[in-house]
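Residue-level structural notes
The chain contents come next:
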Amino acid sequence: MFQTKHMSRGIAIYLALLLFTPSWAIAAAQPLYHAQSPERLQAAFNSLKAAPTSRTAQHHFLKAFPRTYKKFQAYFGTGGALADGNECDYIFALSALQSHHVAEVGSLLVRLSKDAESQGNAPSCLQNVTANYGSHFTRSFAVFLHQLSPQDRGQLIDFLAELESANYPAYQSIIQNLKGLNEPELAKEFQQAQAERSKQSHR
């Protein structure tokens, strides 16, 4: 569920301008929106909030979302283009879309999390969203994990293990679900990362 917020005056003005701007002017401005840009993501997010069940709005949002952790940080990290205190709203939107876009959301989260570091507000939100996905769609999550190199998979698991010393319920659910899916080696990797994180927290 999206946290509905009152539309800011700036966005209201933007929408008013959009409604009354001649179509030729809109067409002329469109090249300014690159395949992926903070402006395009912001526009897609506003459209998604206005029509959360629209498959077109969902698709546009996912397409506009950054595909690399470097770009993720450029959007949402400290000093990022969209780091205005509401950056986590964009990230949590992925959780709301995951049931209808299991493969696309899962692939995106794994791609981002394998390079992520848990410093800052946005990475913390990415941890929560990725762990949530892994706990609800563990079979798909496992498929994506197996596609990673051992080093990248280990880094992703270590990133998730930093969630409150890996005592986060979603992290525990991933381990239990992996065991139920006959993925003992993957489950073991999560347990080892949990144990290591626990040792570090008690030093």
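**Remarks on the side chain of Lys114**
Inspection of the secondary structure assignment puts Lys114 in the loop between helix 7 (102-113) and helix 8 (121-136). One polar contact links Lys114 to Asp115, side chain to side chain, over a distance of 3.0 Å. Not counting chain neighbours up to four residues away, the residues in contact with Lys114 comprise Leu148, Asp152, Gln155 and Leu156.

**Focus: the packing of helix 8 against helix 11 (residues 169-180)**
Between helix 8 and helix 11, the least distance of the axes is 8 Å, while the angle of their chain directions is 30 degrees. It follows that helix 8 is roughly parallel to helix 11 by the angle criterion. As for how helix 8 packs across helix 11, the hand of that crossing is left-handed. In contact with Ala131, Asn132, Gly134 and Ser135 of helix 8, helix 11 contributes Ala170, Ser173, Ile174 and Asn177. Tallied by class, the residues present in the contact of helix 8 with helix 11 amount to three nonpolar, five polar and no charged.

**Examining the packing of helix 8 against helix 9 (residues 138-146)**
Where helix 8 contacts helix 9, the axes come no closer than 5 Å and their chain directions differ by 115 degrees. By the criterion of interaxial angle, the relationship of helix 8 to helix 9 is roughly perpendicular. For the pair helix 8 and helix 9, contact is made by Thr130, Tyr133, Gly134, Ser135 and His136 and by Thr138, Ser140, Phe141 and Phe144, respectively. Residue composition of the contact of helix 8 with helix 9, by class: three nonpolar, six polar and no charged.

**Examining the pattern of salt bridges**
The final tally for this structure, using the stated rule, is four salt bridges. Between Glu189 and Arg153 there is a salt bridge whose closest N-O contact spans 3.3 Å. Of this pair, Glu189 sits in helix 12 (residues 184-201) while Arg153 is found in helix 10 (residues 150-161), placing the two residues 36 residues apart along the sequence. Judged by its relative accessible area of 25%, Glu189 falls in the partly exposed class. A salt bridge links Arg197 to Glu162, with the nearest nitrogen and oxygen atoms 3.1 Å apart. Here Glu162 lies in the loop between helix 10 and helix 11 and Arg197 lies in helix 12, a separation of 35 residues in the sequence.

Definitions and cut-offs
- Residues numbered from 1 in each chain as written.
- Predicted model: local features only at pLDDT ≥ 70, side-chain atom pairs only at ≥ 80, totals over all residues.
- Heavy atoms only, no water.
- Helix = DSSP H or I, 4+ residues; strand = E, 2+ residues; numbered from the N terminus.
- Polar contact = N/O pair within 3.5 Å; in protein donor to acceptor, adjacent residues only side chain to side chain.
- Contact = heavy atoms within 4.5 Å.
- Axes fitted to C-alpha atoms, helices over the stretch in contact; angles between N-to-C directions.
- Parallel < 35°, antiparallel > 145°, perpendicular 65-115°, else oblique.
- Left-handed = near helix turned anticlockwise from the far one by under 90°.
- Nonpolar A, V, L, I, M, F, W, Y, C, P; charged D, E, K, R; others polar.
- Salt bridge = Lys/Arg side-chain N within 4 Å of Asp/Glu carboxyl O.
- Buried < 20%, exposed > 50% of the residue type's maximum accessible area, 1.4 Å probe, protein only.

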